[in-house]
Amino acid sequence: MNRKILVVEDEPKVSEVIRAYLEREGYAVHTAADGLAGLKAARVLQPDLIVLDIMLPGLDGLEVLRQLRQESDVYVLLLTARADETDKIVGLTVGADDYLTKPFSPRELTARVKAILRRGRGSGPGEPVLVFRRLRIDVDARQVWKDGEPVELTAIEFDLLHALARHRGSVLSREQIIEQVWGYDYYGDERVVDVHIGRIRKKIEDDPDAPALIVTVRGAGYRFEDTPQ
Ligand code: CA
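Residues numbered from 1 in each chain as written. Predicted model: local features only at pLDDT ≥ 70, side-chain atom pairs only at ≥ 80, totals over all residues. Heavy atoms only, no water.

Student: Honestly, the layout of surface pockets in this entry has me stumped. Any pointers?
Tutor: One way to see where empty space is left: roll a probe the size of a water molecule over the atoms. Empty space within the largest pocket amounts to approximately 340 Å³. Glu 152, Leu 153, Thr 154, Glu 157 and Lys 203 are the residues nearest the centre of the largest pocket, which is lined by 21 residues in total. Every element with two or more residues in the lining of the largest pocket is listed here: helix H4 (85–94), strand S8 (143–146), helix H6 (155–166) and helix H8 (191–204). In terms of residue count, the dominant contributor to the lining of the largest pocket is H8 (three residues). Grouping the amino acids of the lining of the largest pocket by side-chain chemistry returns six nonpolar, six polar and nine charged. Mapped onto the domain boundaries, the lining of the largest pocket takes at least three residues apiece from domain 1 (4–119) and domain 2 (130–224). (1 Å grid on protein atoms, 1.4 Å probe; cavity = no way out; pocket = protein on both sides within 12 Å on 5 of 7 lines; lining within 4 Å. Points joined across faces, edges and corners; volume = space filled by probe spheres on them. Helix = DSSP H or I, 4+ residues; strand = E, 2+ residues; numbered from the N terminus. Nonpolar A, V, L, I, M, F, W, Y, C, P; charged D, E, K, R; others polar. Domains from an automatic or database assignment.)

Written as structure tokens, this is what we have:
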């Protein structure tokens, strides 16, 4: 049962290099050469992870991601063509889980893909359900409820919330969060954490501007504060 990866990239050389490296790791790799084809392939294949280039003809990667996020929490690794901060931050805001800036080494891409999938859904049965006053986190089902209502989180948002909830009452620094959630030597910007926290807050806080469940501890990091039941 090989994990399925969809690569959406219009440059054949880049696409083929990615395919070769990922197939060597035993993944079943599918490719699509433009945004619309990528979106269709994602619906049909239901991949475990999508490598998505931003610069695509027609529908660009960010638009593909926007549409994808309406219907899927699949892991998305975004490829940005430039060292353009705006693209990265917009990409994360729209729902990417991670990004790589071109040119990247295929080894680096492979390492990130493996890390994402390793920490992902394969985490075996028997994990406890974390029950708090407001939130309920079912680790096996990867589902969250707030006040009894289901909350739709992306895969990485779930991982981040779970990491904080596991350490309820303790402050986690951005660095610790990156270690626990991304699970590898992350060379990117620590703001990745803030962007994802912002998105989670919009989904779980009564007032995202005055968060009560995930609080910011100035100069230190973040702390989960719901009360256990
Ligand atoms: Ca491209």
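That shown, we press on.
Student: How do you make sense of the pairing of strand S7 (residues 135–138) when you look at a structure like this?
Tutor: Consecutive side chains along a regular strand alternate between the two faces of the sheet. The pairing of strand S6 (residues 129–131) with S7 spans three bridges and is classified as antiparallel. Counted as the bridge partner of Val 129 is Asp 138 from S7. What sits between the antiparallel neighbours S6 and S7 is a turn of three residues. Counted along the chain from S7 to the antiparallel partner S8, the turn is four residues long, and its residue Arg 142 has a positive phi close to 50 degrees. (Pairing = 2+ DSSP bridges.)

Student: Sorry if this is basic, but what is going on with the coordination of the calcium ion here?
Tutor: Think of it this way: four donors in a tetrahedron around the metal ideally sit 109.5 degrees apart, and six in an octahedron ideally sit 90 or 180 degrees apart. Protein-derived coordination of the calcium ion comes from Glu 9 (OE), Asp 10 (OD), Glu 11 (OE), Asp 53 (OD) and Met 55 (O), at a distance range of 2.1 to 3.0 Å. We note that the donor set of the calcium ion lies within a single chain, spaced as E-D-E-x41-D-x1-M. With Asp 10 in the loop between strand S1 (4–8) and helix H1 (12–24) and Met 55 in the loop between strand S3 (49–53) and helix H3 (61–69), this pair connects stretches of sequence that are 45 residues apart. (Donors = N, O, S within 2.8 Å, 3.2 Å for Na, K, Ca; no water.)

Student: Looking at this structure, I do not really get the pairing of strand S4 (residues 75–80). What am I missing?
Tutor: Of all six residues making up S4, six are buried, and the element is well covered by its neighbours. Residues Tyr 75, Leu 77 and Leu 79 of S4 are buried on one face, and the alternating residues Val 76, Leu 78 and Thr 80, pointing to the opposite face, are buried as well. In this structure, S3 lies alongside S4, joined through five bridges in parallel fashion. Looking across to S4, one finds that Asp 53 is bridged to Leu 79. A crossover links S3 with its parallel partner S4, the connecting element being H3, and its sense is right-handed. Pairing geometry for S4 and strand S5 (residues 98–101), over four bridges, is parallel. In the sheet register, Thr 80 faces S5, and the bridge partner there is Thr 101. (Buried < 20%, exposed > 50% of the residue type's maximum accessible area, 1.4 Å probe, protein only. Right-handed = clockwise from strand over helix to strand, strands pointing away.)

Student: Would you explain the sheet that holds S5 in this entry?
Tutor: Working definition: the strands of a sheet are paired by backbone hydrogen bonds and lie parallel or antiparallel to each other. Pairing is parallel in the open sheet, where five strands are placed in the order S2-S1-S3-S4-S5. Either end of the sheet is taken by a strand with one partner, and the two such strands are strand S2 (28–32) and S5. Across the sheet, the mean angle from the axis of one strand to that of its neighbour is 20 degrees, orientation sign disregarded. Both S1 and S3 contribute to a ladder of four bridges, which runs parallel. Bridging across to S3, Val 8 finds its partner in Leu 52. Sheet strands touched by H1: S1, S2, S3 and S4. Its angle to S2, the strand with the most contacts, is close to 170 degrees. (Axes fitted to C-alpha atoms, helices over the stretch in contact; angles between N-to-C directions. Contact = heavy atoms within 4.5 Å.)

Student: When you look at the packing of H6 against helix H7 (residues 174–181) in this model, what are you seeing that I'm missing?
Tutor: Two measures define how a pair of helices packs: the angle their axes make with one another and the distance between the axes. Where H6 meets H7, the axes come as close as 10 Å, and the angle between the chain directions of the two elements is 120 degrees. Between H6 and H7, the angle is such that the two are oblique. Judged by the sense of rotation from one axis to the other, the crossing of H6 with H7 is right-handed. Counted together, Ile 156, Asp 159, Leu 160, Ala 163, Leu 164 and Arg 166 of H6 and Ile 177, Gln 180 and Val 181 of H7 form the full contact between these two elements. Its residues assigned to classes, the contact of H6 with H7 shows six nonpolar, one polar and two charged. (Parallel < 35°, antiparallel > 145°, perpendicular 65-115°, else oblique. Left-handed = near helix turned anticlockwise from the far one by under 90°.)

Student: Before we go on, may I ask you to explain the sheet that holds strand S12 (residues 221–224) in this structure?
Tutor: The strand order across the open sheet built from three strands is S10-S12-S11, with neighbouring strands paired in antiparallel fashion. Edge positions in the sheet fall to strand S10 (171–172) and strand S11 (214–217), since each has one partner strand and no second. Sheet analysis places S10 next to S12, joined by two bridges and oriented antiparallel. Of the residues in S12, the one forming a bridge with Val 171 is Arg 223. Seen against the sheet, H8 touches S11 and S12 and runs at an angle of roughly 145 degrees to S11.

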